[in-house]
Every structure is written in structure tokens, then in C-alpha cells.
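Observations on the model geometry
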Amino acid sequence: MRTPLIAANWKMHKTVAEARSFVEAFLPAVRGLEGADIALCPPFTALAAVGPLLAGSAVALGAQDLYHEDRGAFTGEIAPGMLTELGVRYVIVGHSERRTLFGETDELVRAKVAAAFRHGLTPILCVGEQLAEREAGRTEAVVTRQVEAALTGLEAAQVERLVIAYEPVWAIGTGRAATAADAGAVCRLIRDRIRAAFGDRAARGLRIQYGGSVKADNIADFARDPDIDGALVGGASLDPQGFAALVRAAAEAARGRRA
Ligand SMILES: O=C(CO)COP(=O)(O)O
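To start, this report covers the structure provided alongside it. Given the structure is predicted, the values throughout are model-derived calculations rather than measurements.

Cut-off values and rules
- Residues numbered from 1 in each chain as written.
- Predicted model: local features only at pLDDT ≥ 70, side-chain atom pairs only at ≥ 80, totals over all residues.
- Heavy atoms only, no water.
- Helix = DSSP H or I, 4+ residues; strand = E, 2+ residues; numbered from the N terminus.
- Contact = heavy atoms within 4.5 Å.
- Near = heavy atom within 4 Å.
- Polar contact = N/O pair within 3.5 Å; in protein donor to acceptor, adjacent residues only side chain to side chain.
- Areas by Shrake-Rupley, 256 points an atom, 1.4 Å probe, with all protein chains shown as cover.
- Nonpolar A, V, L, I, M, F, W, Y, C, P; charged D, E, K, R; others polar.
- Buried < 20%, exposed > 50% of the residue type's maximum accessible area, 1.4 Å probe, protein only.
- Pairing = 2+ DSSP bridges.
- Axes fitted to C-alpha atoms, helices over the stretch in contact; angles between N-to-C directions.

This part is about the side chain of Lys112. Looking at the secondary structure, you find Lys112 in helix 5 (residues 106-118). Apart from the residues lying within four places of it in its own chain, the contact partners of Lys112 are Asp65, Leu66, Tyr67, His68, Val93 and Glu104.

Here is the structure:
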């Protein structure tokens, strides 16, 4: 069975000093924990400080975005090699805030996923429908389009290592999480599409997280579902003790999943 991945997306929160004190409190609180992988995705400015603090721990370093070119005149952007140099292992790509606030297209997301793989980074590809799309019965069509567009040109062996985060946009930061049944159904749909396009091995290896108002007291519902492989967590990842409790609850619940 796939090990769930609980990833913290801090978004535009925490200075370097705040990031350091989070890690100092968080690591002892999850030491020795088994049954879930953990990643922290601080803002770019804190990566160089957080990386060395995580070295030797079971907690991986992630980034929130990257640019798809290796270098050049792209003011304000961050190249993949700048992330790998700092020990970054995961990179969030295509978050709905990037898509809606910063105009990222399916094509740009595809280029970023490819760039991440080219540099040995594991993308956490975010997909999810808006409220109006859900209400119009278009969830399946939207999510399928986003997944297919982002994975065009990849090899099955790459897809097997990929992480997809299903984050319905209406559930992000609203306190209104999807039900585990609805989230699980979309995750199954994604896995079926991956199986059809890339084969059974890729579909079995790929991790599909849920994201959107995940908290310590609802994570168990998601983590028990055999097709939900952990969570991408925003607001509830900002407090070290609260996030540690969330990770522990996820690991505990995931133990009950069907093998
Ligand atoms: O966008 C998210 C993670 O990427 C989810 O954010 P919240 O957990 O704050 O709803």
C-alpha cells in the first residue's frame, strides 16, 4: 500500500525566523512517527534556513512553485536547479492560487511538471474544480482536463513517482472541506484515468492527496480512504503542535486502510 504524504503548504506565511522556530518545535513532536511521509513547503526565502534543520530527519523539504526554464531573463522567478541546490525534494505545481490569481495555464503547468522531473524533483500537481464548475456537474471534466494536460509527454515511470493533490477550489481556506466520500470518488476517477493512459503500475504507485480545509479533526476521514494518499494542508499546517497532531492522526488512520 502507498505511504500517505502529508505536505504543509505555508503559502505566503512565515519569515525565516518564524520558519526556524516552527521546525524546532515540530521535529521533536513527530520524531519516530511511522506510517506517513511528511514534507514542509515554506516560502522560497526560508528554504535555505529550513533545509539544514530538516537534514537527518524524516521530514522532507518542498517548494511552492518553480519556473520551467533552467536560467535566463525571467525576473522574479526561481529555476529548478536553485531548488535542488537547497535540498528541495517536492515542488507544488499548478496550485489553484497560481492558476486563478497569477494566470497559470494548463500549458504552463505542464511545462513546470516536466521541468521538475528533469531536475529530479517530485511534483505535487494540484488540480480541482471551482464551485460553479461543481454545481454545473463539470467536476469530472475539469479535473480530467487538468490531469491530462499536465501529464502530456511524461513516461509511465515518472507518473508512478508523481503526487497529485486534488484540491476543490471551493474547499480551500473556507472551512468547508469536501466529504471523504466525494474526495475519494474524484481521487478514484483520477487514478482510473492514469491507469488508462499510463498503465496499472503507474496508477498503483502514484499518490493522490486531498487538500482543502483539512484539519487534525477531519484528516482521519480522508486518510482511511484507500484512494486518498494523504493531504496538502494550508492553514492547519502553520502551528507546529497542531500540524504534528494532524500528521499523527493521518498516520494512525492510514494504518486501517485496505492493503
Ligand atoms: O490550498 C491548500 C493547500 O495547498 C489548502 O488550504 P487550507 O488547508 O488552508 O484550506
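With that out of the way, let us pick up the site of the ligand. In the vicinity of the ligand there are 13 residues, among which Lys11, His95, Gly173, Ser213 and Gly235 approach most closely. Taking Gly173, its main chain carries an N or O atom lying 2.6 Å from an oxygen atom of the ligand. With respect to the ligand, the backbone of Gly234 contributes an N or O atom lying 2.9 Å from an oxygen atom. Bound to the protein, the ligand loses 96% of the 310 Å² it would expose on its own. The residue inventory of the shell around the ligand, partitioned by class, reads four nonpolar, seven polar and two charged.

The next subject is unusual backbone geometry. Here Lys11, not a glycine, exhibits a phi torsion of approximately 50°, which is positive. Looking at the secondary structure, you find Lys11 in the loop between strand 1 (5-9) and helix 1 (16-30). The partly exposed category is assigned to Lys11, whose relative accessible area is 22%. One non-glycine residue, Lys14, adopts positive backbone phi at about 85°. Along the polypeptide, Lys14 turns up in the loop between strand 1 and helix 1.

All right, on to the sheet that holds strand 2 (residues 37-41) then. The sheet built from eight strands closes into a barrel, its strands ordered 1-2-3-4-5-6-7-8 with parallel pairing. Going from strand to strand, the sheet's axes swing by 25° on average, the running direction of each strand aside. Where strand 4 (residues 90-93) lies against strand 5 (residues 122-127), four bridges are found, and the strand directions are parallel. Each bridged residue has a counterpart across the sheet, and for Tyr90 the counterpart in strand 5 is Thr122. Along the sheet, helix 5 makes contact with strand 4 and strand 5, crossing strand 5 at roughly 160°.

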